[in-house]
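Residues per chain are reported as follows:
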Amino acid sequence: MKFSVFGNPIAHSLSPSIHQQFAEQFDLELEYSRSLASNAGFAEAVAAFFRSGGAGANVTVPFKSKAAALVTHLTPRAARAGAVNTLIPLGHGQLAGDSTDGEGLMRDLQRLLPRQALAVEVLVIGAGGAASSVIEALQDAGANVIMTNRSEGKVAALQQTFPGLDALRYEELSRTPAAAFTPKIIINATSASLAGAGLPIHPDWFAQADLAYDMMYAKDGTDFLRQAKNGGCRQLADGLGMLVEQAALSFALWHDGRLPNTTQVLAALRQQMFAD
Ligand code: NDP
């Protein structure tokens, strides 16, 4: 059985290693490759992969929205998010698209904050595929989600789909938070960290927060997490846990519901990250 992850860049993707470790838990044999695609070539690359017998694929930055437009069947949650991270072949040229990012994030947040109800204010920075995929899961857990993005039109569009979603003007991030906003969890769902850039965010946003979460992960940490630490945030987390959790949920979709144990895989990846 062969699987792949499509993205750009993709060279450092940990997905092949994660899925190999999951497969070992169930004594399954699989091949999981990285597929670098261009914007113009993404749809054809995916089609060629499934024509050649691909059993499933993941989609990452920047193709999640393109993937949602490409599939013949969308799960309701992927349709609402307008983003797909998991492709499942249905035969006869049909392709289903789902998004496991939201549930993956929730599983990681429950691990990080086991004693805290998630019915709190959550500030999500970014409005791309990853950000839109986590709104529903956060709202279902009772969170009041506030979203801000460099390009504001994207948040307004998401508010049409998610009526409870609050918007914050991006400029407000660089000022002390108004009394109306006291987010306990601040999530960086932008790809700024991928480019090694921080965000224009005032340290006071972090002083009152319980958790700063960067969906991105890097051996040396990220600028966003350094900003959060300097701002006095109580707890910091990168997106490695979310990566492993969303991968486990994709794995279950491809392998008859078999859900891998993520604890040991996350520990092994952390160890590997610091050994490299
Ligand atoms: P998209 O390309 O769909 O969206 C990118 C988002 O980042 C947009 O909101 C964009 O704003 C914003 N952005 C990019 N550069 C900057 C910048 N310099 N300053 C401010 N905002 C910026 O990407 P995804 O949503 O798919 O992924 C976003 C991040 O989440 C990536 O780092 C990715 O690696 C990570 N991720 C991690 C996962 C995990 O499992 N840990 C899962 C999914 C994603 P604008 O609209 O203005 O362009």
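Just so we're clear, the structure is a prediction, and the values are computed from it rather than from any experiment.

**Re the side chain of Asp 101**
For step 1, the next point in the chain: The topology assignment puts Asp 101 in helix H5 (residues 101–112).
For step 2, the next point in the chain: Separated by 2.6 Å, the side chains of Asp 101 and Lys 64 make a polar contact.
For step 3, the next point in the chain: At 3.1 Å, the side chain of Asp 101 and the side chain of Asn 85 are in polar contact.
For step 4, the next point in the chain: If sequence neighbours within four positions are ignored, Asp 101 has contacts with Lys 64, Asn 85, Ala 130, Ser 133, Val 134, Met 242 and Gln 246.

**A closer look at the site of the ligand**
For step 1, the next point in the chain: Not every one of the 24 residues close to the ligand is listed here, only the nearest: Ala 130, Asn 149, Ser 151, Lys 154 and Met 215.
For step 2, the next point in the chain: Taking Gly 128, its main chain carries an N or O atom lying 3.4 Å from an oxygen atom of the ligand.
For step 3, the next point in the chain: Take Gly 239: an N or O atom from its main chain is 2.9 Å from a nitrogen atom of the ligand.
For step 4, the next point in the chain: Protein contact buries 85% of the 920 Å² of open area that the ligand shows by itself.
For step 5, the next point in the chain: Those elements that provide at least two residues to the shell around the ligand are helix H6 (129–140) and helix H10 (240–254).
For step 6, the next point in the chain: Top element by residues in the shell around the ligand is H10. It accounts for 3 residues.
For step 7, the next point in the chain: Here the residues of the shell around the ligand are counted per class, giving 11 nonpolar, 9 polar and 4 charged.

**Considerations on the pairing of strand S1 (residues 2–7)**
For step 1, the next point in the chain: Most of S1 is tucked away, with 5 of its 6 residues classed as buried.
For step 2, the next point in the chain: Both S1 and strand S2 (residues 31–36) contribute to a ladder of 6 bridges, which runs parallel. For Gly 7, the partnering residue across the bridge sits in S2 and is Leu 36.
For step 3, the next point in the chain: Between the parallel pair S1 and S2, the chain is carried across by helix H1 (residues 15–25), and the sense of this crossover is right-handed.

**A few points about the sheet that holds strand S5 (residues 86–91)**
For step 1, the next point in the chain: The strand order across the open sheet built from 6 strands is S2-S1-S3-S5-S6-S4, with neighbouring strands paired in mixed fashion. Among the strands making up the open sheet, the edge pair consists of S2 and strand S4 (73–74).
For step 2, the next point in the chain: Helix-sheet contacts for helix H2 (residues 42–51) involve S1, strand S3 (54–59), S5 and strand S6 (94–98), and the interaxial angle to S3 is about 150 degrees.

**A word on the sheet that holds strand S10 (residues 185–188)**
For step 1, the next point in the chain: The strand order across the open sheet built from 6 strands is S9-S8-S7-S10-S11-S12, with neighbouring strands paired in parallel fashion. A single partner strand is all that each edge strand has here, and the edge strands are strand S9 (166–167) and strand S12 (236–238).
For step 2, the next point in the chain: Across 3 bridges, the pairing between strand S11 (residues 211–214) and S12 is parallel. Across the sheet, residue Asp 214 finds its bridge partner in S12, namely Asp 238.
For step 3, the next point in the chain: Of the strands in this sheet, S10, S11 and S12 touch H5, which is tilted by about 145 degrees from S11.

**As for the pairing of S10**
For step 1, the next point in the chain: Both faces of S10 are covered, namely the face carrying Ile 185 and Ile 187 and the face carrying Ile 186 and Asn 188.
For step 2, the next point in the chain: As judged from the 4 bridges shared by strand S7 (residues 121–125) and S10, these two strands associate in the parallel manner. Bridging from a neighbouring strand, Val 122 pairs with Ile 185 of S10.
For step 3, the next point in the chain: Pairing between S10 and S11: 4 bridges, direction parallel. Looking at S11, one finds that Ile 186 is bridged to Ala 212.

**Regarding the packing of H5 against H10**
For step 1, the next point in the chain: Look at H5 against H10: their axes get within 8 Å of each other, and the N-to-C directions meet at 130 degrees. When the axis of H5 is compared with that of H10, the two are oblique. Handedness of the crossing formed by H5 with H10: right-handed. Of the residues in H10, those in contact with Asp 101, Glu 103, Gly 104, Leu 105, Arg 107, Asp 108 and Arg 111 of H5 are Gly 241, Met 242, Glu 245, Gln 246 and Leu 249.
For step 2, the next point in the chain: Classifying every residue of the contact of H5 with H10 gives 3 nonpolar, 3 polar and 6 charged.

What counts, and at which threshold
- Every chain is numbered on its own, with residues counted from 1 as its sequence reads.
- Per-residue local features are limited, in this predicted model, to residues with pLDDT of at least 70; the limit for side-chain atom pairs, both in listing and counting, is 80 or more; totals at the level of whole chains, interfaces and linings are taken over all residues.
- Note that the side-chain values use all heavy atoms of the structure and ignore hydrogens as well as water.
- We count a stretch as a helix when DSSP gives it H or I for four or more residues in a row; a strand needs E for two or more, and each element gets its number in order from the N terminus.
- Any pair of N or O atoms that falls within 3.5 Å is considered a polar contact. Within protein, one atom must be able to donate a hydrogen and the other to accept it, and sequence-neighbouring residues count only if both atoms are side-chain atoms.
- Note on definitions: a residue-residue contact is assigned when non-hydrogen atoms from the two residues lie within 4.5 Å.
- Note on terminology: near, applied to a residue and a molecule or strand, indicates that one of the residue's heavy atoms is within 4 Å of it.
- For every accessible area listed, the method is Shrake-Rupley and the probe measures 1.4 Å; residues are considered covered only by the protein chains on display.
- Think of it as three bins: nonpolar holds Ala, Val, Leu, Ile, Met, Phe, Trp, Tyr, Cys and Pro, charged holds Asp, Glu, Lys and Arg, and polar takes everything else, Gly as well.
- The buried label applies to any residue whose accessible area, calculated with a 1.4 Å probe on protein chains only, is under 20% of its type's maximum; exposed applies above 50%, and partly exposed to all values in between.
- A pair of strands is labelled paired if DSSP reports no fewer than 2 bridges between them.
- Here a crossover is taken to be right-handed if, once the strands point away from the viewer, the path from the first strand over the helix to the second is traced clockwise.
- In this description, a line fitted to the C-alpha atoms serves as the axis of each element, helices being fitted only across the stretch in contact, and the angle between N-to-C directions of two axes falls anywhere from 0 to 180 degrees.
- Roughly parallel covers angles under 35 degrees, roughly antiparallel covers those over 145, roughly perpendicular covers 65 to 115, and oblique covers all other angles.
- Note: crossing handedness is left-handed where the near helix turns anticlockwise from the far helix by less than a right angle, and right-handed where it turns clockwise.

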